[in-house]
Amino acid sequence: MRTQVAIVGAGPAGLTLGRLLENAGIESVILESRSRAYCEARIRAGVLEQGTVDLLREAGVAERLDREGIVHHGISLQFDGERHRIPLSDLTGGRSIVIYGQTEVVKDLIAAREASGLPMLFDTPAESIDLERGIVRHAGNEIECDVIAGCDGFHGVCRESVPAGALREFTREYPYGWLGILADVEPSIDELVYAHTEQGFALLSLRSPTRSRYYLQVDHDEDVDRWPDDRVWEELQRRTAVAGWTLQEGPVLEKGVTGMRSYVCEPLRHRRLFLAGDAAHIVPPTGAKGLNLAIHDVRLLAEALIRFYERGDEVLLDAYSDACLRRVWRCEHFSWWMTTTLHLQPGGDSFDLQLQRSQLHYLTTSHAQATALAENYVGLATV
Ligand code: FAD
Ligand code: DHB
C-alpha cells in the first residue's frame, strides 16, 4: 500500500490529523492497534479548550459537540472547606471551556472518517518503522509513505524507532495518582471543583447532565480493588464537603487508577517521522491539558503538510518541533504547577501545606494571579 501520510494511532491526535488532511485533499492511512470498540469506550479527558472546539468546528466534526457539549465559564478552587470561583470568561475576554468527553470526540472523528470511506485499520499494530525509506510494517504488510505521523501515544512504537541519542528526554514522576469514577448520577456541581485538603486532592467534574466524573488523589501504584464504591463515596464526601451543599451518590459505572508523570522528548521530528500528542509529551491530568495539547500539535502538523504538498516547501515542517514545544512547555509548567499546588505531598510537612494554602489564597484574592490561572486554563491564544 502507498499513501502520502501514514498515521500511527487512532487517538484524538491521529484521527484529527486524518480529518485535517482529508479536508485538504491529502491522502492518509490510519493504523490502530486496538479495536474500534476499545477506542470508543476508553474514558479519559473531558475538558476541551476553546481553541480545540474551534478547530473541531473548522474541521466539520463538531455537530454533536455543539449540541451536547456543556459550556462552562468558571471553575472553583476549594481549600479550608470553602469554595472560591475563578470566573474564567470574565478574566479572559469571554473565552470558555466545553465539557465533552474524549470518548465522544473519538467517536465523532471515527464516524466522520468511516463516512468518507478513507482507510482506517483497527486491530492493526504498527510493528516497525523504517525512517530512511518511509515504511510502516504491520502483520507482514508494508505501507510506503512520504511522512509518518507518530500519534501512537506514550507506549507506541514511533518514538522507540528513533535512534538512541537523537532525542533528548525530560521526565518528572509524581508520588501519587488519580482514582477516577464515572457515576450514573446528576452532577452535584454546576462547574468543576478542584479541592485541596489535608487528606489529599479531589476533583468534581462531569460528562453530561446525568453523568458525574469524580477523582481522588491516591498512591501512584494504588490497587483499585482497595476502593470499593462505599469507600470512594466516603472519601469524596470528606474531601469535598462545604457547608450547605451535598454530594449526591449514585451507581458507579467505571473506576480506574491513573499514574501521573510529566514527560517531553525533543525534537518532535526525526527525518520523515513527526511525533504528536502523547507520543511526544505527557502532562499530569490536573488542568486538563493532555488532549488539548495533542490537538494543537496536529493543527500545526497539518498546516505544515498542507504547505509542503501545495508549494513543495518544507519551511513549516522544519519549524514544526520548535513551534509545538513552545506550547508544550507552557502546558508542562501549568500542569506541574496545578498538580503540586493542589496535591498532598507524601512525606511533606505542615510547611508545605501552609505554602499551598497561601498560594491558593493569593490565587483567589489577586486579580493578576486569577487571570494567570484563567488564561492558562482556557488555553493561551498564542504562546
Ligand atoms: P492516545 O489517545 O493515547 O492515542 C494513541 C493511540 O495509538 C491509541 O489508540 C493506541 O491504542 C494507539 N497505538 C499505540 N501503539 C500503537 C501501534 N504500535 N500501532 C498502532 N496504534 C498504536 N487528559 C486530560 O486532559 N484529562 C484527563 O482526565 C485525562 N485522563 C487520562 C487517563 C488515562 C488513563 C490516560 C492514558 C490519559 C489521560 N489523559 C487525560 C490524557 C489524554 O487522554 C491524552 O493526552 C490524549 O489521549 C492524547 O491523545 P493522543 O492521540 O496523543 O494519544
Ligand atoms: C477532567 C479531567 C481533568 O484532568 C481535569 O483537570 C478536569 C476534568 C475530567 O475528566 O472531567
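Residues numbered from 1 in each chain as written. Chains lettered and ligands numbered in written order. Predicted model: local features only at pLDDT ≥ 70, side-chain atom pairs only at ≥ 80, totals over all residues. Heavy atoms only, no water.

Honestly, the site of ligand 1 in this entry has me stumped. Any pointers?
Taken together, 30 residues lie around ligand 1, and E32, R42, Q102, A126 and D278 are the ones closest in. Here R44 contributes a side-chain N or O atom positioned 2.9 Å from an oxygen atom of ligand 1. A distance of 2.7 Å separates an oxygen atom of ligand 1 from a polar side-chain atom of D278. Elements with a contribution of two residues or more to the shell around ligand 1: α1 (12–23) and α8 (290–311). (Near = heavy atom within 4 Å. Polar contact = N/O pair within 3.5 Å; in protein donor to acceptor, adjacent residues only side chain to side chain. Helix = DSSP H or I, 4+ residues; strand = E, 2+ residues; numbered from the N terminus.)

Which parts of the structure should I look at to understand the site of ligand 2?
Taken together, the neighbourhood of ligand 2 is formed by 13 residues, with Y194, S205, R207, Y215 and P285 sitting nearest. Y215 places a polar side-chain atom, nitrogen or oxygen, 2.6 Å from an oxygen atom of ligand 2. Contact between ligand 2 and G287: an oxygen atom at 3.1 Å from a main-chain N or O atom of the residue. Alone, ligand 2 offers 290 Å² of accessible surface; in the complex the protein occludes 97% of this. (Areas by Shrake-Rupley, 256 points an atom, 1.4 Å probe, with all protein chains shown as cover.)

Could you clarify how one ought to interpret the nonpolar core in this entry?
The nonpolar side chains of soluble globular proteins are, as a tendency, buried together. Residues L17, L48, V136 and I148 are the most contacted members of the largest nonpolar core, which totals 73 residues. Looking at which element gives the most residues to this core, the answer is α8, with 10 residues. Each residue touching I148, except ones within four places of it in the same chain, is listed here: A6, V8, I129, D130, L131, G134, I135, V136, C158, R272, L273 and F274. Residues L192, M260, A370 and Y377 belong to the second largest nonpolar core, which totals 49 residues. (Core = buried A, V, L, I, M, F, W, Y, C linked by side-chain atoms within 4.5 Å. Buried < 20%, exposed > 50% of the residue type's maximum accessible area, 1.4 Å probe, protein only. Contact = heavy atoms within 4.5 Å.)

When you look at the domain arrangement of the protein chain in this model, what are you seeing that I'm missing?
Accessible area lost upon the coming together of the parts serves often as the stated size of an interface. Taken domain by domain, the protein chain comprises domain 1 (5–71 + 96–171 + 261–341) and domain 2 (174–260 + 345–378). Between the C-alpha centres of domain 1 and domain 2 the distance comes to 28 Å. Contacts between the two partners involve 27 residues from domain 1, matched on the other side by 25 residues from domain 2. In total, about 2100 Å² of surface goes out of reach between domain 1 and domain 2, with carbon and sulfur atoms giving 67% of it. By the criterion of area lost to domain 2, the three top residues of domain 1 are I43, I99 and T341, representing 25% of everything that side buries. At the boundary of domain 1 with domain 2, the tally comes to 0 salt bridges. Viewed at the interface, domain 2 and domain 1 are joined by 8 residue pairs in polar contact (both at pLDDT 80 or more). Elements with a contribution of two residues or more to the side of domain 1 that touches domain 2: β3 (47–49), β7 (97–99), β17 (252–266) and α9 (315–342). When residues of the side of domain 1 that touches domain 2 are assigned to their parent elements, the largest contribution, 8 residues, is made by α9. Looking at side-chain class alone, the side of domain 1 that touches domain 2 contains 12 nonpolar, 10 polar and 5 charged residues. (Domains from an automatic or database assignment. Buried area = accessible area lost by both parts, 1.4 Å probe. Salt bridge = Lys/Arg side-chain N within 4 Å of Asp/Glu carboxyl O. Nonpolar A, V, L, I, M, F, W, Y, C, P; charged D, E, K, R; others polar.)

Hey, could you run me through unusual backbone geometry in this one?
Among all residues save glycine, negative phi is the norm, and among peptide bonds the norm is trans. That bond from E266 to P267 is cis: its omega, -10 degrees, falls within 30 degrees of zero. Following the sequence through the fold, P267 ends up in the loop between β17 and β18 (269–270). Of note in the backbone geometry, D80 takes a positive phi value of approximately 50 degrees without being a glycine. Relative to the helices and strands, D80 is located in the loop between β5 (75–79) and β6 (82–86). Even without being a glycine, A139 presents a positive backbone phi close to 40 degrees. Relative to the elements of secondary structure, A139 occurs in the loop between β10 (135–138) and β11 (141–144).

Looking at this structure, how should I read helix α7 (residues 229–240)?
Residues lying three or four places apart along an α-helix face the same way, a consequence of the helix completing one turn every 3.6 residues. Helix length check: α7, at 12 residues, gives a terminal C-alpha distance of 16 Å against a target of 16 Å (1.5 Å per residue), a fit within 8%. Residues of α7 that are buried: V232, W233, E235, L236, R239 and T240. One side of α7 holds all its buried residues, which, seen down the axis, span an arc of 165 degrees. Turned more than 90 degrees off the buried face of α7, the exposed positions are D230 and E234. (Expected span 1.5 Å × (residues − 1). Arc of directions from axis to C-beta.)

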